[in-house]
Amino acid sequence: MNPLPGPLPAEPFFLKTGLGERFCLFYPPAAGKCRGSLLYVHPFGDEMNKARRMVAHQARQFAALGFGVLQMDLLGCGDSSGEFGDASWEQWKEDLALGNKWLQERLGKPVNLWGLRLGALLALDYARSSTYKIDGIILWQPVLNGTSYLTQLLRLRVANDMLGDGKEKNGGTQAMREALKAGDTLEIAGYDIAPALALAIDSLDATSLLMTTCPIHWFEVVSAADRPMTPAGLRVVSAWEKQGVDLHTHIVPCLPFWATQEISECPELLSATSSIAADLSSISRMASHEL
Amino acid sequence: MYLEEVKNILGDVLSLGDAKNSLKENSALLGSIPELDSMAVVNVIAALEEHFGIVVEDDEISASTFETLGSLAAFVAGKLAE
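Calculation rules
Residues numbered from 1 in each chain as written. Chains lettered and ligands numbered in written order. Predicted model: local features only at pLDDT ≥ 70, side-chain atom pairs only at ≥ 80, totals over all residues. Heavy atoms only, no water. Helix = DSSP H or I, 4+ residues; strand = E, 2+ residues; numbered from the N terminus. Buried < 20%, exposed > 50% of the residue type's maximum accessible area, 1.4 Å probe, protein only. Areas by Shrake-Rupley, 256 points an atom, 1.4 Å probe, with all protein chains shown as cover. Disulfide = S-S within 2.5 Å. Salt bridge = Lys/Arg side-chain N within 4 Å of Asp/Glu carboxyl O. Pairing = 2+ DSSP bridges.

Looking only at helices and strands, chain A features 10 helices and 10 strands. Taken over 291 residues, chain A has a buried fraction of 56%. Surface exposure of chain A reaches about 12400 Å², of which carbon and sulfur atoms provide 53%.

Right, dumping it as C-alpha coordinates:
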(Lines give C-alpha, C1' and ligand atoms only; values in the text may rest on other atoms or scores of the structure.)
Protein backbone atom coordinates (compact mmCIF):
# COMPACT_ATOMS: atom_id res chain seq x y z
CA MET A 1 0.00 0.00 0.00
CA ASN A 2 1.18 3.51 -0.71
CA PRO A 3 1.98 5.51 2.39
CA LEU A 4 -0.83 7.92 3.07
CA PRO A 5 -0.09 11.53 3.97
CA GLY A 6 -0.09 12.23 7.68
CA PRO A 7 -3.64 12.86 8.87
CA LEU A 8 -4.78 16.18 10.24
CA PRO A 9 -6.22 15.84 13.75
CA ALA A 10 -9.98 15.37 14.01
CA GLU A 11 -11.77 18.47 15.31
CA PRO A 12 -14.39 17.89 18.03
CA PHE A 13 -17.07 20.54 18.48
CA PHE A 14 -20.69 21.10 19.44
CA LEU A 15 -23.11 22.19 16.73
CA LYS A 16 -25.92 24.39 18.03
CA THR A 17 -29.45 23.53 16.98
CA GLY A 18 -32.91 24.72 17.94
CA LEU A 19 -32.99 21.73 20.31
CA GLY A 20 -29.69 21.74 22.20
CA GLU A 21 -26.27 20.87 20.83
CA ARG A 22 -24.95 17.97 18.80
CA PHE A 23 -21.53 16.53 19.41
CA CYS A 24 -19.59 16.43 16.14
CA LEU A 25 -16.21 15.17 15.07
CA PHE A 26 -14.84 16.60 11.85
CA TYR A 27 -12.03 14.89 9.95
CA PRO A 28 -10.59 17.54 7.65
CA PRO A 29 -9.47 16.44 4.19
CA ALA A 30 -5.74 15.93 3.74
CA ALA A 31 -3.99 19.20 3.03
CA GLY A 32 -4.30 20.58 -0.45
CA LYS A 33 -6.67 18.06 -2.00
CA CYS A 34 -10.27 18.46 -0.92
CA ARG A 35 -12.37 16.38 -3.30
CA GLY A 36 -15.65 16.29 -1.49
CA SER A 37 -17.23 15.52 1.84
CA LEU A 38 -19.07 12.79 3.68
CA LEU A 39 -21.71 12.98 6.37
CA TYR A 40 -21.72 9.83 8.50
CA VAL A 41 -25.08 8.56 9.79
CA HIS A 42 -24.66 6.28 12.78
CA PRO A 43 -26.70 3.20 13.68
CA PHE A 44 -28.92 2.79 16.71
CA GLY A 45 -28.15 1.80 20.30
CA ASP A 46 -25.27 -0.54 20.95
CA GLU A 47 -24.50 -0.90 17.26
CA MET A 48 -23.43 2.74 17.29
CA ASN A 49 -20.93 2.05 20.06
CA LYS A 50 -19.59 -1.17 18.63
CA ALA A 51 -18.98 0.45 15.25
CA ARG A 52 -17.02 3.44 16.56
CA ARG A 53 -13.59 1.99 15.91
CA MET A 54 -14.39 0.96 12.33
CA VAL A 55 -16.00 4.33 11.64
CA ALA A 56 -12.94 6.18 12.94
CA HIS A 57 -10.66 4.06 10.73
CA GLN A 58 -12.82 4.66 7.68
CA ALA A 59 -13.16 8.39 8.36
CA ARG A 60 -9.36 8.71 8.53
CA GLN A 61 -8.99 6.85 5.25
CA PHE A 62 -11.56 9.09 3.60
CA ALA A 63 -9.76 12.15 4.96
CA ALA A 64 -6.45 10.90 3.57
CA LEU A 65 -8.14 10.48 0.18
CA GLY A 66 -9.24 14.12 0.28
CA PHE A 67 -12.73 13.91 1.76
CA GLY A 68 -13.81 15.89 4.79
CA VAL A 69 -15.93 13.69 7.07
CA LEU A 70 -18.45 14.90 9.60
CA GLN A 71 -19.44 12.41 12.27
CA MET A 72 -22.41 13.70 14.22
CA ASP A 73 -24.15 12.24 17.27
CA LEU A 74 -27.86 12.69 16.59
CA LEU A 75 -30.30 14.02 19.20
CA GLY A 76 -30.34 11.79 22.27
CA CYS A 77 -27.36 9.72 21.08
CA GLY A 78 -23.72 9.63 22.12
CA ASP A 79 -22.53 12.93 23.57
CA SER A 80 -25.30 15.11 22.11
CA SER A 81 -28.05 16.85 24.05
CA GLY A 82 -31.20 15.08 25.05
CA GLU A 83 -32.13 11.60 26.21
CA PHE A 84 -32.78 8.80 23.79
CA GLY A 85 -36.45 9.06 24.68
CA ASP A 86 -36.48 12.60 23.17
CA ALA A 87 -35.30 11.38 19.77
CA SER A 88 -37.54 11.28 16.75
CA TRP A 89 -37.00 10.23 13.16
CA GLU A 90 -37.97 13.68 11.85
CA GLN A 91 -35.64 15.45 14.27
CA TRP A 92 -32.80 13.17 13.22
CA LYS A 93 -33.38 14.17 9.60
CA GLU A 94 -33.27 17.81 10.66
CA ASP A 95 -29.99 17.13 12.47
CA LEU A 96 -28.59 15.66 9.26
CA ALA A 97 -29.72 18.74 7.33
CA LEU A 98 -27.75 20.89 9.79
CA GLY A 99 -24.68 18.68 9.42
CA ASN A 100 -25.06 18.84 5.65
CA LYS A 101 -25.26 22.65 5.79
CA TRP A 102 -22.18 22.81 8.02
CA LEU A 103 -20.14 20.65 5.64
CA GLN A 104 -21.29 22.64 2.64
CA GLU A 105 -20.27 25.90 4.29
CA ARG A 106 -16.99 24.57 5.56
CA LEU A 107 -15.75 22.87 2.38
CA GLY A 108 -17.95 24.19 -0.41
CA LYS A 109 -18.00 20.73 -1.96
CA PRO A 110 -20.80 18.30 -2.71
CA VAL A 111 -21.85 16.11 0.22
CA ASN A 112 -22.02 12.32 0.18
CA LEU A 113 -23.91 10.37 2.83
CA TRP A 114 -22.48 7.30 4.52
CA GLY A 115 -24.86 5.31 6.72
CA LEU A 116 -24.48 2.13 8.75
CA ARG A 117 -27.38 -0.26 9.59
CA LEU A 118 -30.39 1.84 10.67
CA GLY A 119 -28.30 4.90 9.81
CA ALA A 120 -28.27 3.68 6.20
CA LEU A 121 -32.07 3.82 6.09
CA LEU A 122 -32.02 7.22 7.77
CA ALA A 123 -29.51 8.46 5.18
CA LEU A 124 -31.72 7.25 2.33
CA ASP A 125 -34.83 8.78 3.83
CA TYR A 126 -33.05 12.06 4.50
CA ALA A 127 -31.56 12.16 0.99
CA ARG A 128 -35.03 11.97 -0.55
CA SER A 129 -36.14 15.13 1.19
CA SER A 130 -32.83 17.00 1.30
CA THR A 131 -32.80 20.53 -0.04
CA TYR A 132 -29.07 20.15 -0.61
CA LYS A 133 -27.82 18.14 -3.53
CA ILE A 134 -26.58 14.75 -2.37
CA ASP A 135 -23.63 13.60 -4.43
CA GLY A 136 -23.64 9.92 -3.55
CA ILE A 137 -24.65 7.47 -0.82
CA ILE A 138 -22.63 4.74 0.83
CA LEU A 139 -24.65 2.10 2.67
CA TRP A 140 -22.92 -0.23 5.09
CA GLN A 141 -25.07 -3.27 5.88
CA PRO A 142 -28.35 -1.40 5.59
CA VAL A 143 -31.32 -2.48 7.70
CA LEU A 144 -33.90 -3.35 5.06
CA ASN A 145 -37.12 -3.70 6.94
CA GLY A 146 -38.11 -1.47 9.83
CA THR A 147 -40.83 -3.82 11.03
CA SER A 148 -38.50 -6.75 11.61
CA TYR A 149 -35.85 -4.41 13.01
CA LEU A 150 -38.30 -3.09 15.62
CA THR A 151 -39.53 -6.59 16.40
CA GLN A 152 -35.94 -7.67 16.98
CA LEU A 153 -35.47 -4.82 19.46
CA LEU A 154 -38.71 -5.56 21.25
CA ARG A 155 -37.89 -9.24 21.34
CA LEU A 156 -34.88 -8.51 23.54
CA ARG A 157 -37.44 -8.00 26.29
CA VAL A 158 -39.23 -11.25 25.76
CA ALA A 159 -36.40 -13.65 25.00
CA ASN A 160 -37.25 -15.86 27.93
CA ASP A 161 -40.99 -16.00 27.29
CA MET A 162 -40.65 -17.15 23.76
CA LEU A 163 -39.70 -20.74 24.36
CA GLY A 164 -42.11 -21.17 27.24
CA ASP A 165 -44.44 -23.78 25.71
CA GLY A 166 -46.83 -21.19 24.37
CA LYS A 167 -48.85 -20.64 27.54
CA GLU A 168 -47.42 -17.50 29.16
CA LYS A 169 -46.81 -15.10 26.30
CA ASN A 170 -47.84 -11.96 28.07
CA GLY A 171 -45.89 -8.90 27.09
CA GLY A 172 -45.03 -10.31 23.67
CA THR A 173 -43.84 -8.02 20.90
CA GLN A 174 -47.41 -7.54 19.68
CA ALA A 175 -48.46 -6.28 23.11
CA MET A 176 -45.47 -3.95 23.19
CA ARG A 177 -46.38 -2.60 19.76
CA GLU A 178 -49.86 -1.89 21.08
CA ALA A 179 -48.35 -0.08 24.09
CA LEU A 180 -46.22 2.06 21.76
CA LYS A 181 -49.28 2.86 19.64
CA ALA A 182 -51.06 3.92 22.81
CA GLY A 183 -48.23 6.39 23.43
CA ASP A 184 -46.11 4.57 26.00
CA THR A 185 -42.33 4.89 26.05
CA LEU A 186 -40.65 1.50 26.41
CA GLU A 187 -37.26 0.73 27.82
CA ILE A 188 -35.41 -1.79 25.71
CA ALA A 189 -31.87 -2.94 26.41
CA GLY A 190 -31.19 0.23 28.36
CA TYR A 191 -32.70 2.68 25.86
CA ASP A 192 -35.99 4.47 26.31
CA ILE A 193 -37.73 4.31 22.98
CA ALA A 194 -40.30 7.00 22.34
CA PRO A 195 -43.47 5.79 20.63
CA ALA A 196 -43.16 8.16 17.66
CA LEU A 197 -39.64 6.97 16.92
CA ALA A 198 -40.61 3.31 17.23
CA LEU A 199 -43.60 3.71 14.94
CA ALA A 200 -41.54 5.63 12.38
CA ILE A 201 -39.01 2.79 12.34
CA ASP A 202 -41.84 0.25 12.12
CA SER A 203 -43.04 1.79 8.87
CA LEU A 204 -39.67 1.84 7.08
CA ASP A 205 -39.06 -0.34 4.07
CA ALA A 206 -35.88 -0.02 2.04
CA THR A 207 -37.74 -1.04 -1.11
CA SER A 208 -39.78 2.12 -1.03
CA LEU A 209 -36.93 4.47 -0.07
CA LEU A 210 -36.04 5.15 -3.68
CA MET A 211 -33.20 7.53 -4.34
CA THR A 212 -32.55 7.88 -8.04
CA THR A 213 -30.65 11.14 -8.30
CA CYS A 214 -27.24 9.94 -7.14
CA PRO A 215 -25.21 6.73 -7.20
CA ILE A 216 -25.65 4.35 -4.28
CA HIS A 217 -22.88 2.02 -3.13
CA TRP A 218 -24.20 -0.81 -1.01
CA PHE A 219 -21.63 -2.78 1.00
CA GLU A 220 -22.98 -6.03 2.40
CA VAL A 221 -20.86 -7.95 4.88
CA VAL A 222 -21.14 -11.74 4.58
CA SER A 223 -19.53 -14.36 6.78
CA ALA A 224 -17.66 -16.31 4.10
CA ALA A 225 -16.21 -15.47 0.71
CA ASP A 226 -18.54 -17.77 -1.21
CA ARG A 227 -21.75 -16.35 0.29
CA PRO A 228 -23.89 -14.24 -2.01
CA MET A 229 -26.13 -11.28 -1.14
CA THR A 230 -28.98 -12.49 1.08
CA PRO A 231 -32.34 -13.29 -0.51
CA ALA A 232 -33.80 -10.30 1.40
CA GLY A 233 -31.10 -8.04 -0.03
CA LEU A 234 -31.61 -9.34 -3.55
CA ARG A 235 -35.29 -8.40 -3.44
CA VAL A 236 -34.42 -4.81 -2.58
CA VAL A 237 -31.65 -4.73 -5.21
CA SER A 238 -34.04 -5.90 -7.88
CA ALA A 239 -36.77 -3.44 -6.84
CA TRP A 240 -34.33 -0.52 -6.84
CA GLU A 241 -32.80 -1.44 -10.18
CA LYS A 242 -36.27 -1.69 -11.74
CA GLN A 243 -36.95 1.85 -10.55
CA GLY A 244 -33.74 3.19 -12.05
CA VAL A 245 -31.54 3.45 -8.96
CA ASP A 246 -27.86 3.78 -9.93
CA LEU A 247 -26.88 0.94 -7.61
CA HIS A 248 -23.48 -0.64 -7.09
CA THR A 249 -23.34 -3.61 -4.71
CA HIS A 250 -20.18 -4.81 -3.03
CA ILE A 251 -20.06 -8.10 -1.12
CA VAL A 252 -17.38 -8.16 1.58
CA PRO A 253 -16.59 -11.23 3.68
CA CYS A 254 -15.73 -10.33 7.28
CA LEU A 255 -17.05 -10.10 10.83
CA PRO A 256 -20.27 -8.20 11.59
CA PHE A 257 -18.33 -5.58 13.57
CA TRP A 258 -21.48 -3.65 14.59
CA ALA A 259 -22.78 -6.69 16.48
CA THR A 260 -19.84 -8.77 17.68
CA GLN A 261 -19.50 -9.34 21.40
CA GLU A 262 -15.98 -7.87 21.40
CA ILE A 263 -15.05 -4.82 19.35
CA SER A 264 -13.89 -6.12 15.99
CA GLU A 265 -12.51 -4.71 12.78
CA CYS A 266 -13.10 -5.45 9.16
CA PRO A 267 -10.10 -4.31 7.13
CA GLU A 268 -11.64 -5.76 3.95
CA LEU A 269 -14.57 -3.37 4.25
CA LEU A 270 -12.26 -0.40 4.81
CA SER A 271 -10.25 -1.13 1.71
CA ALA A 272 -13.33 -1.87 -0.42
CA THR A 273 -14.98 1.38 0.70
CA SER A 274 -11.87 3.47 0.23
CA SER A 275 -11.38 2.08 -3.25
CA ILE A 276 -14.80 3.32 -4.37
CA ALA A 277 -14.22 6.66 -2.64
CA ALA A 278 -11.48 7.29 -5.15
CA ASP A 279 -14.27 7.24 -7.78
CA LEU A 280 -16.99 8.98 -5.79
CA SER A 281 -16.67 12.42 -7.29
CA SER A 282 -16.00 11.20 -10.84
CA ILE A 283 -18.97 8.79 -10.81
CA SER A 284 -21.37 11.46 -9.71
CA ARG A 285 -19.99 13.90 -12.27
CA MET A 286 -20.75 11.37 -14.96
CA ALA A 287 -24.21 10.82 -13.56
CA SER A 288 -25.01 14.52 -13.51
CA HIS A 289 -23.82 14.90 -17.10
CA GLU A 290 -26.26 12.27 -18.20
CA LEU A 291 -29.19 14.12 -16.67
CA MET B 1 -34.85 -26.77 0.99
CA TYR B 2 -33.06 -24.19 3.06
CA LEU B 3 -30.99 -26.60 5.17
CA GLU B 4 -27.60 -25.27 4.07
CA GLU B 5 -28.50 -21.61 4.51
CA VAL B 6 -30.08 -22.23 7.92
CA LYS B 7 -27.06 -24.28 8.96
CA ASN B 8 -24.72 -21.46 7.93
CA ILE B 9 -26.75 -18.95 9.93
CA LEU B 10 -26.72 -21.18 13.02
CA GLY B 11 -22.98 -21.64 12.63
CA ASP B 12 -22.37 -17.90 12.28
CA VAL B 13 -24.64 -16.72 15.09
CA LEU B 14 -23.59 -19.38 17.58
CA SER B 15 -19.91 -19.39 16.51
CA LEU B 16 -20.03 -23.15 16.07
CA GLY B 17 -16.90 -23.34 13.93
CA ASP B 18 -16.32 -26.77 12.43
CA ALA B 19 -18.99 -28.32 14.63
CA LYS B 20 -21.47 -26.78 12.19
CA ASN B 21 -20.46 -29.29 9.54
CA SER B 22 -21.71 -32.22 11.57
CA LEU B 23 -25.27 -30.84 11.65
CA LYS B 24 -27.75 -32.90 9.68
CA GLU B 25 -31.45 -32.48 9.02
CA ASN B 26 -32.38 -34.57 12.06
CA SER B 27 -29.71 -33.13 14.38
CA ALA B 28 -31.25 -31.93 17.63
CA LEU B 29 -30.78 -28.22 18.34
CA LEU B 30 -32.52 -26.95 21.47
CA GLY B 31 -31.17 -28.80 24.47
CA SER B 32 -28.34 -30.36 22.46
CA ILE B 33 -26.32 -27.34 21.38
CA PRO B 34 -25.16 -25.66 24.61
CA GLU B 35 -24.68 -22.30 22.83
CA LEU B 36 -28.38 -22.20 21.99
CA ASP B 37 -29.87 -20.42 25.00
CA SER B 38 -32.85 -18.09 24.94
CA MET B 39 -30.84 -15.02 23.89
CA ALA B 40 -29.18 -17.04 21.16
CA VAL B 41 -32.60 -18.12 19.93
CA VAL B 42 -33.54 -14.45 19.61
CA ASN B 43 -30.35 -13.76 17.68
CA VAL B 44 -30.90 -16.73 15.39
CA ILE B 45 -34.43 -15.55 14.62
CA ALA B 46 -33.13 -12.04 13.90
CA ALA B 47 -30.48 -13.43 11.55
CA LEU B 48 -33.06 -15.58 9.75
CA GLU B 49 -35.32 -12.55 9.36
CA GLU B 50 -32.56 -10.38 7.95
CA HIS B 51 -31.28 -13.11 5.66
CA PHE B 52 -34.57 -14.27 4.22
CA GLY B 53 -36.56 -11.06 4.61
CA ILE B 54 -39.24 -12.76 6.68
CA VAL B 55 -41.11 -11.44 9.71
CA VAL B 56 -41.56 -13.87 12.56
CA GLU B 57 -44.27 -13.32 15.16
CA ASP B 58 -43.71 -14.33 18.78
CA ASP B 59 -46.45 -16.90 18.81
CA GLU B 60 -44.97 -18.65 15.80
CA ILE B 61 -41.90 -19.57 17.80
CA SER B 62 -41.93 -22.54 20.11
CA ALA B 63 -39.49 -25.08 21.37
CA SER B 64 -40.62 -27.42 18.59
CA THR B 65 -39.49 -24.94 15.91
CA PHE B 66 -35.98 -25.28 17.27
CA GLU B 67 -36.15 -29.04 17.82
CA THR B 68 -33.98 -30.03 14.85
CA LEU B 69 -32.18 -28.37 11.97
CA GLY B 70 -34.87 -29.83 9.74
CA SER B 71 -37.73 -28.35 11.78
CA LEU B 72 -36.11 -24.92 11.70
CA ALA B 73 -35.50 -25.10 7.94
CA ALA B 74 -39.09 -26.25 7.43
CA PHE B 75 -40.28 -23.28 9.47
CA VAL B 76 -38.31 -20.92 7.19
CA ALA B 77 -39.71 -22.66 4.10
CA GLY B 78 -43.22 -22.18 5.48
CA LYS B 79 -42.61 -18.47 6.12
CA LEU B 80 -41.25 -17.95 2.63
CA ALA B 81 -44.27 -19.68 1.14
CA GLU B 82 -46.71 -17.34 2.92
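Moving on, there is more to tell.
Turning next to the state of the cysteines. Residue and element names in this part refer to chain A. Summed over all chains, the structure comprises 1 disulfide over all chains. Two residues share a disulfide in this structure: C254 and C266, whose sulfurs sit 1.8 Å from each other. Handedness here is read from the sign of the S-S torsion; for C254 and C266, about -80 degrees, the answer is left-handed. Linking C254 in the loop between β10 (247–253) and α10 (267–290) with C266 in the loop between β10 and α10, this pair joins segments that are 12 residues apart in sequence. The burial state of C254 is the same as that of C266; both residues are buried. Take C24: it sits in no disulfide, and the sulfur closest to it among the cysteines is that of C77, at 12 Å. Looking at the unpaired C34, the closest cysteine sulfur is the one in C24, lying at 17 Å.

What follows covers the pattern of salt bridges. All names here are of chain A. Within the structure shown, the criterion is met by 17 salt bridges over all chains. Salt-bridge contacts for K16 lead to E21; the nearest nitrogen and oxygen are separated by 3.1 Å. Here E265 and R53 are joined by a salt bridge, their closest N and O atoms 3.4 Å apart. With E265 in the loop between β10 and α10 and R53 in helix α2 (residues 52–64), this pair connects stretches of sequence that are 212 residues apart. Look at R53 and you get partly exposed, because its relative accessible area is 42%. Linked by salt bridges that have partners in common, E90, K93, D125 and R128 make up one network.

This part is about the pairing of strand β2 (residues 20–27) of chain A. All names here are of chain A. Within β2, 6 of the 8 residues are buried, which leaves it mostly tucked inside the rest of the structure. Note that strand β1 (residues 11–17) and β2 share 7 bridges and pair antiparallel. Residue pairing in the sheet places F14 in a bridge with F23 of β2. Joining the antiparallel neighbours β1 and β2 is a turn of 2 residues. Sheet topology note: the β2/strand β4 (residues 67–72) ladder contains 4 bridges and is antiparallel. What sits directly across from Y27, in β4, is V69.

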